[in-house]
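Each chain, written out:
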Amino acid sequence: MFLALWNYIRGYVIIYVTGFSVERFINLAANRGIFIWDVIPQRNCVIMKASAKNIEQLRECGIKTGCRFEIEGEYGLPVFLRRCAGRKDYVSGFLALSDAMYIM
């Protein structure tokens, strides 16, 4: 439970990896210290989650192993904060409401 919350706070991506040596891709990423979880093998690809800050290192692993990977989506608190950056009034209103509820 704590690990899932920690990954949400740091931000993560879901990626599809295809190619001839997907196992080598995963091993190379693990040797470089990239944390990968929820690895799901399918017919011609592998779906996995990885930390969002390690995308460049994953690209290097993909080039070295000859695997292609596609980012399905980004998730987590940093992505949410980027989306809410233009809605400062909404966020400040939510914080004011939570403060008022706490005071009551």
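It should be emphasised that the depicted structure is a prediction, and the values quoted were computed from it without experimental measurement. (Residues numbered from 1 in each chain as written. Predicted model: local features only at pLDDT ≥ 70, side-chain atom pairs only at ≥ 80, totals over all residues. Heavy atoms only, no water.)

So, the sheet that holds strand 3 (residues 46-51)
Condition: When DSSP locates at least two bridges between a pair of strands, those strands are taken to pair. Comment: elements are numbered from the N terminus, with helices defined as DSSP H or I runs of at least four residues and strands as E runs of at least two. In this analysis an axis means a line fitted to C-alpha atoms, helices contributing only their contacting stretch, and an angle means the value between N-to-C directions, from 0 to 180 degrees. Contact between two residues is taken to exist if any of their heavy atoms lie within 4.5 Å; hydrogens are not considered.
Strand order in the open sheet formed by four strands is 2-3-1-4, and the pairing between neighbours is antiparallel. Edge positions in the open sheet fall to strand 2 (36-41) and strand 4 (68-75), since each of these has one partner strand only. Taking the axes of each pair of neighbouring strands and ignoring which way they run, one obtains an average angle of 20 degrees across the sheet. In this structure, strand 2 lies alongside strand 3, joined through four bridges in antiparallel fashion. Bridge pairing in strand 3 links Ile36 to Ala50. On the sheet, helix 3 (residues 55-65) packs against strand 1 (12-18), strand 3 and strand 4 and is oriented at approximately 165 degrees with respect to strand 4.

What to know about the packing of aromatic side chains
The geometry of two aromatic rings is summed up by the distance between their centres and the angle between their planes. Rules: The criterion for an aromatic pair is that two Phe, Tyr or Trp rings (for Trp, the six-membered ring) have centres within 6.5 Å, with stacked assigned to planes under 30 degrees apart, edge-to-face to planes over 60 apart and tilted to the rest. Partly exposed describes any residue whose relative accessible area lies between the buried limit of under 20% and the exposed limit of over 50%, with all areas from a 1.4 Å probe on protein chains only and scaled to the type maximum.
Overall, the coordinates contain four aromatic pairs when judged by the stated rule. Consider the rings of Phe25 and Phe69, whose centres lie 6.2 Å apart with planes at 40 degrees: the pair is tilted. Highlighted residues: Phe25 in helix 2 (residues 22-31) and Phe69 in strand 4, separated in sequence by 44 residues. No difference in accessibility class separates Phe25 from Phe69, as the two residues are buried. Each ring, one from Phe35 and one from Trp37, has its centre 5.2 Å from the other, and the planes form 25 degrees; the classification is stacked.

Description of the side chain of Asn7
Inspection of the secondary structure assignment puts Asn7 in helix 1 (residues 2-10). Overall, the relative accessible area of 9% leaves Asn7 in the buried class. Residues in contact with Asn7, not counting those within four places in the same chain, are Tyr12, Phe35 and Trp37.

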